[in-house]
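Spelled out from the first residue to the last, the chains are:
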Amino acid sequence: MSTLHHGYFTAGLDADPELAAAIRGEESRQADGIELIASENIVSRLVLEAQGSVLTNKTVEGPAYARYYGGAEFADAIEALAIERARRLFGARFANVQPHSGSNANAGVFLGLLKLGDTVLSMNVAAGGHISHGHPATLTGRDYSIIRYGVNRETERLDLDEIRDLAREHAPRMIVAGGSAYFRAMDFAALRAIADEVGAYLMVDMAHFAGLVATGLYPDPVPHAHVVTTTTYKSLRGARGGLVLWNDPALSDRINYGIFPGVQGSVMLHAVAGKAACLGEALRPEFRAYNEAVLANARALAQALGAQNVRIVSGGTDMGLMLVDLTPRGLTGEIVAKALEHAGLAVNKNQIPFDPRPPEAPSGLRLSSNAGTTRGFGTAEFATIAGWIERVMQAPQDAATLAEVKDEVVALCRAFPIYPER
Ligand SMILES: *Cc1c(COP(=O)(O)O)cnc(C)c1O
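Cut-off values and rules
- Residues numbered from 1 in each chain as written.
- Predicted model: local features only at pLDDT ≥ 70, side-chain atom pairs only at ≥ 80, totals over all residues.
- Heavy atoms only, no water.
- Pairing = 2+ DSSP bridges.
- Helix = DSSP H or I, 4+ residues; strand = E, 2+ residues; numbered from the N terminus.
- Contact = heavy atoms within 4.5 Å.
- Axes fitted to C-alpha atoms, helices over the stretch in contact; angles between N-to-C directions.
- Parallel < 35°, antiparallel > 145°, perpendicular 65-115°, else oblique.
- Left-handed = near helix turned anticlockwise from the far one by under 90°.
- Nonpolar A, V, L, I, M, F, W, Y, C, P; charged D, E, K, R; others polar.
- Buried < 20%, exposed > 50% of the residue type's maximum accessible area, 1.4 Å probe, protein only.

1. Notes on the sheet that holds strand S10 (residues 321-325)
Part 1: In spatial order, the strands read S9-S10-S13-S12; together these four strands make up an open sheet with antiparallel pairing. Edge positions in the sheet fall to strand S9 (311-312) and strand S12 (348-350), since each has one partner strand and no second.
Part 2: As defined by bridge partners, S12 adjoins strand S13 (residues 364-368) across three bridges and the pair is classed as antiparallel. Bridged to Asn 348 within S13 is Arg 366.
Part 3: Sheet strands in contact with helix H12 (residues 333-342) are S12 and S13, and its direction is about 45° off that of S13.

Quick look at the structure:
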């Protein structure tokens, strides 16, 4: 008797109806819903195929062209392609494309450049920082001494004086900029000057604005930071995973060893191929047009929402994302996010700076134009989305209203289809 069940090499998802039903369900959820969650986007068929390829069978360890295992000629070519494209896209001298995620990229950089117990100055999660920059619940939070900066209470923007004062007082070994709910332009030259003054590394995590950096639509951290990290599946619109960039050859071994063997083992080669694919797409002129549309759409959404008696934190955005304070409406992010989900609009609740409310029922929502722009929405569609959000905010508990909005959402989505039916 064969050791393989019937259809092992030939049957697809249909061989597992339970799993197939769930995946098909997710396909139609994505097709018929409006994705406004900041950490999501919609990849091309090319990226989907690269990530779903036979590369998942290949195990390699270590840098391209210096692998521990044999049979790596194509693996080496794929990783070299991803590295070359990352360097070209961002104008960086060096890149590591192996991190399995953004958090792993950050953990690898911490491990490579810091000693246990070193002091790190990073942004408070409550003010918009990311958990992987030293939150107490993470390894980075446990292994290093973390000092936090926030935003200015009036402007809700970074306060360089506060950061400089904290840097002088605590002499950190590394300063981290970038977060998950801070959407204004940052002055990377000024941050580097602060880092230099106290002898610290500057690390910039550009997960939410990498696409804008690649296309010249946001300040470029690469010339200023010692090291830049990012995810590849948010604004870069590609494979799941992370990426590290730097310019100083003296840092190369430490960063590369920090990633492997520091925090990871073998390479997820299928994801590296997906990164090569999305970086190739990002080098095309269409990606610049996409990012211009992301910004225009975010501004249209922020403007329309601002006219609806909610408050856009910091008065606007310099990215495809925004933080909305629902306090003027007497609503919480919890209630509105749930109601929007019933109406076919996916968003996430989020704390606002100095939020008097707890993380489980915060004052705000975080919205992104990234995925909607990918499926072809323009400023008119984003104004329509703002109108739906208004209707939902007026009657968040009213099932009939939510069902009505959902019907209209589905109709718009069908006019902007994503992957064709298979
Ligand atoms: C999303 C995000 C990450 C984490 O990425 P994972 O792939 O979920 O580990 C890290 N940093 C920032 C700023 C992010 O927005």
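2. Describing the packing of helix H6 (residues 160-170) against helix H7 (residues 188-198)
Part 1: Between H6 and H7, the shortest axis-to-axis distance is 9 Å and the interhelical angle comes to 15°. With respect to each other, H6 and H7 are oriented roughly parallel. Crossing geometry of H6 relative to H7 is assigned as right-handed. In this structure, H6 uses Leu 160, Ile 163, Arg 164, Ala 167 and Arg 168 to contact H7, whose residues at the interface are Ala 190, Leu 191, Ile 194, Glu 197 and Val 198.
Part 2: Across the contact of H6 with H7, the residue classes tally to seven nonpolar, no polar and three charged.

3. Points about the pairing of strand S7 (residues 227-231)
Part 1: Of all the five residues making up S7, five are buried; the element is thus mostly covered by neighbouring parts of the structure.
Part 2: Neither face of S7 is exposed, since Val 227, Thr 229 and Thr 231 on one face and Val 228 and Thr 230 on the opposite face are all buried.
Part 3: As defined by bridge partners, strand S6 (residues 201-205) adjoins S7 across three bridges and the pair is classed as parallel. Looking across to S7, one finds that Met 203 is bridged to Val 227.
Part 4: For S7 and strand S8 (residues 242-246), the ladder comprises five bridges, and the chain directions are antiparallel. From the neighbouring strand, Val 227 faces S8, where its bridge partner is Trp 246.

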